[in-house]
Amino acid sequence: MELGLGIHGEGGVRRMKLLPAAETVAVMLNHMTDITSSTHFSLKSGDAVALAVNNLGGTSVLELYVVVKEAIAYLESRGVVVEQVYSGALITSLEMAGVSLTLLHLDDSRRRCLNQETAAPGWPRQSWLSSYSSPQPIPAPASTTYTRLSTETAACLSEGGEKAFRRALLHACRALSQCDQQLNDLDCRSGDGDCGSTIRRGAQAVIEAISSDRLPLDTPSQALIDIGHIAEDTMGGASGGLYSLLLSGAAQALVEDVSPKAWVHALKAGMETLSK
């Protein structure tokens with residue numbers, strides 16, 4: 001990579017091996033603030049600055065935000081107060097891969113100017129104050145509380161119906177687990193190739209829950225809600241959430257009736273929940 005490359009491809013001040021984002025930011029800012037250079041940016045602990053992280057054209061949004069994070073962290077490690085941050089494609093050179101960093105000392109006049117309303121389409125309309133640069137961790141809840149239906153009001157299966165429900169679930173989960181590679185191959189054509197692996201994780205977790213008698217199979221509405229939570233916890237990504245919505249929607253149709261006709265309505269209810 002090249003340090004100080006010009007916007008029109010002019011040669012920079014140094015070429016070096018590709019570095020991680022944190023080291024790259026440190027190299028850039030150290031060069032900018034090097035007091036041995038007559039054109040250095042004077043920066044000392046306690047200074048209040050605005051930071052602009054510019055996408056030169058070919059940098060992904062994810063990569064850009066990584067640089068933003070590392071730049072803020074580095075400046076704060078030097079005692080600098082980063083009051084406002086701007087990021088985006090401000091000055092680009094076609095699809096040049098890279099970023100540029102700009103620092104501006106802040107005073108009341110500059111703060112007032114930066115925060116004025118503007119109709120310029122390329123100017124980032126939102127800035128972040130320095131108080132947000134060091135977020136405080138939010139403690140995780142001690143436990144997760146899942147929805148529980150009243151067993152006194154929810155419709156239940158007969159003993160034979162419960163056994164049939166168990167067999168159907170186990171058969172479906174085992175079938176899904178066995179065709180994970182086939183599903184992955186299909187997903188490679190239009191996705192990221194992990195559909196089968198994701199479904200297999202959920203199916204195996206349901207099999208484990210059935211084997212350990214953790215699912216109330218005599219009460220299908222509650223069982224579907226619990227399976228939905230299992231899918232959300234074990235499958236991850238969008239798939240877990242979508243299957244959880246499908247199952248929770250289907251569960252509502254089985255609260256009062258568990259006849260074969262109700263199961264048909266349950267599938268329809270689940271699909272309607274997904275489409276909302």
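Please refer to the structure placed before this passage.
Note that the coordinates shown come from a computational prediction; the quantities given were computed from them, not determined experimentally.

Conventions adopted
- Residues numbered from 1 in each chain as written.
- Predicted model: local features only at pLDDT ≥ 70, side-chain atom pairs only at ≥ 80, totals over all residues.
- Heavy atoms only, no water.
- Core = buried A, V, L, I, M, F, W, Y, C linked by side-chain atoms within 4.5 Å.
- Buried < 20%, exposed > 50% of the residue type's maximum accessible area, 1.4 Å probe, protein only.
- Helix = DSSP H or I, 4+ residues; strand = E, 2+ residues; numbered from the N terminus.
- Contact = heavy atoms within 4.5 Å.
- Polar contact = N/O pair within 3.5 Å; in protein donor to acceptor, adjacent residues only side chain to side chain.
- Expected span 1.5 Å × (residues − 1).
- Arc of directions from axis to C-beta.
- Axes fitted to C-alpha atoms, helices over the stretch in contact; angles between N-to-C directions.
- Parallel < 35°, antiparallel > 145°, perpendicular 65-115°, else oblique.
- Nonpolar A, V, L, I, M, F, W, Y, C, P; charged D, E, K, R; others polar.
- Pairing = 2+ DSSP bridges.

Draft legend 1. The nonpolar core, seen in detail. Core analysis: the biggest nonpolar cluster contains 26 residues, and Phe165, Val206, Ile210, Leu215, Leu217, Leu224 and Ile227 have the highest contact counts within it. Among the secondary structure elements, those contributing two or more residues to this core are α4 (159–178), α6 (195–211), α7 (220–235), α8 (237–252) and α9 (260–275). No other element matches the six residues that α6 contributes to this core. Beyond its immediate sequence surroundings of up to four residues, Val206 is in contact with Cys173, Leu215, Ile227 and Ile230. Core analysis: the next-biggest nonpolar cluster, separate from the first, contains 23 residues, Leu64, Ala71, Ile72 and Leu75 among them.

Draft legend 2. Highlighting unusual backbone geometry. The phi angle at Leu94 is positive, at roughly 55 degrees, despite the residue not being glycine. Mapped onto the elements, Leu94 comes out in the loop between β4 (81–88) and β5 (99–105). With a phi angle near 55 degrees, Asp213 is a residue other than glycine that sits in the positive phi range. Tracing the chain through its elements places Asp213 in the loop between α6 and α7.

Draft legend 3. Just the side chain of Ser177, in detail. Relative to the helices and strands, Ser177 resides in helix α4. Looking at Ser177, its side chain comes within polar contact range of the main-chain oxygen of Cys173, at 2.9 Å. Within the structure, the side chain of Ser177 is placed 2.8 Å from the side chain of Gln204, a separation counted as a polar contact. With sequence-adjacent residues up to four places away left out, Ser177 is seen in contact with Arg200, Ala203 and Gln204.

Draft legend 4. A look at the environment of Ile35. Of note, Ile35 is situated in the loop between α1 (21–32) and β3 (48–55). Sequence separation between Ile35 and Asp233 is 198 residues; the distance between their C-alpha atoms is 53 Å.

Draft legend 5. How the structure looks around α4. An ideal rise of 1.5 Å per residue puts 28 Å on 20 residues; α4 measures up with 29 Å between its terminal C-alpha atoms. Considered for burial, the residues of α4 that qualify are Phe165, Leu169, Leu170, Cys173 and Ser177. Within α4, the buried residues cover an arc of 125 degrees as seen down the axis, which keeps them to one side. More than 90 degrees from the buried face of α4, the exposed residues found are Arg167, His171 and Gln178. In this structure, the buried side of α4 is in contact with α5 (180–188), α6, α7 and α9.

Draft legend 6. A look at the packing of α7 against α8. Two numbers describe how α7 lies on α8: the axes approach to 7 Å, and their chain directions differ by 175 degrees. Considering the angle they form, α7 stands roughly antiparallel to α8. Of α8, the residues touching α7 (which contributes Ser221, Leu224, Ile225, Ile227, Gly228, His229, Ala231, Glu232 and Met235) are Gly237, Ser239, Gly240, Tyr243, Ser244, Leu247, Ala250, Ala251 and Gln252. Here the residues of the contact of α7 with α8 are counted per class, giving nine nonpolar, eight polar and one charged.

Draft legend 7. The sheet that holds β5, seen in detail. Taking strand neighbours across the sheet as the criterion, the three strands line up as β4-β3-β5 in an open arrangement whose pairing is mixed. Of all strands in the sheet, those with a lone pairing partner are β4 and β5, marking the two edges. Each neighbouring strand pair of the sheet contributes to a mean axis angle of 20 degrees, computed without reference to strand direction. Bridge count between β3 and β5: seven bridges; the pairing is antiparallel. Across the sheet, residue Asn55 finds its bridge partner in β5, namely Val99. Docked against the sheet, helix α2 (residues 61–77) engages β3, β4 and β5, running at close to 165 degrees with respect to β4.

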